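Results of the structural survey
Chain residues, written in single-letter form:
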Amino acid sequence: MSVSGLCQICESQTASHDCTRCGMLVCDDHFREASGLCAQCASEGTPGEGGGPIQEF
């Protein structure tokens, strides 16, 4: 996929990636290569991906 425009997080650097979870266009600084996620999605955590214990009620 061709990515163009500004990073949707910092709005100052050129976007060069798109998040595989939310589709947000982000720059190198706001992309987590290992997970393919933007910084926002990576910080939210996903159960089973090191986001902490899963609690069942």
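Refer to the structure above for everything that follows.
In what follows, the accompanying structure is described. (Residues numbered from 1 in each chain as written. Predicted model: local features only at pLDDT ≥ 70, side-chain atom pairs only at ≥ 80, totals over all residues. Heavy atoms only, no water.)

With respect to the environment of Met24
- Mapping Met24 onto the fold places it in the loop between strand 1 (17–18) and strand 2 (25–26).
- When its relative accessible area of 17% is taken as the criterion, Met24 is described as buried.
- A sequence separation of 16 residues divides Met24 from Gln8, and the C-alpha atoms of the two residues are 6.5 Å apart.
- What Met24 contacts, discounting residues up to four positions off in sequence, is Gln8, Ile9, His17, Asp18, Cys19 and Gln40. (Helix = DSSP H or I, 4+ residues; strand = E, 2+ residues; numbered from the N terminus. Buried < 20%, exposed > 50% of the residue type's maximum accessible area, 1.4 Å probe, protein only. Contact = heavy atoms within 4.5 Å.)

Some thoughts on the nonpolar core
- Grouped together as the largest cluster of nonpolar side chains are nine residues: Cys7, Cys19, Met24, Val26, Cys27, Phe31, Leu37, Cys38 and Cys41.
- Apart from the residues lying within four places of it in its own chain, the contact partners of Cys38 are Ile9, Cys19, Cys22, Val26 and His30. (Core = buried A, V, L, I, M, F, W, Y, C linked by side-chain atoms within 4.5 Å.)

Considerations on the pattern of salt bridges
- A complete count under the given rule lists one salt bridge for this structure.
- Among the ionic pairs, Glu44 bridges to Arg21, the shortest N-O distance being 3.3 Å. Pair noted here: Glu44 is in helix 1 (residues 39–44) and Arg21 is in the loop between strand 1 and strand 2, with a separation of 23 residues, a long-range link.
- According to the relative accessible area criterion, Arg21 is partly exposed, its value standing at 46%. (Salt bridge = Lys/Arg side-chain N within 4 Å of Asp/Glu carboxyl O.)

A short note on unusual backbone geometry
- The backbone of Glu11 sits at a positive phi, close to 55°, despite the residue not being glycine.
- Locating Glu11 in the fold gives a position in the segment before strand 1.
- Classification of Glu11 by relative accessible area gives exposed; the value is 60%.

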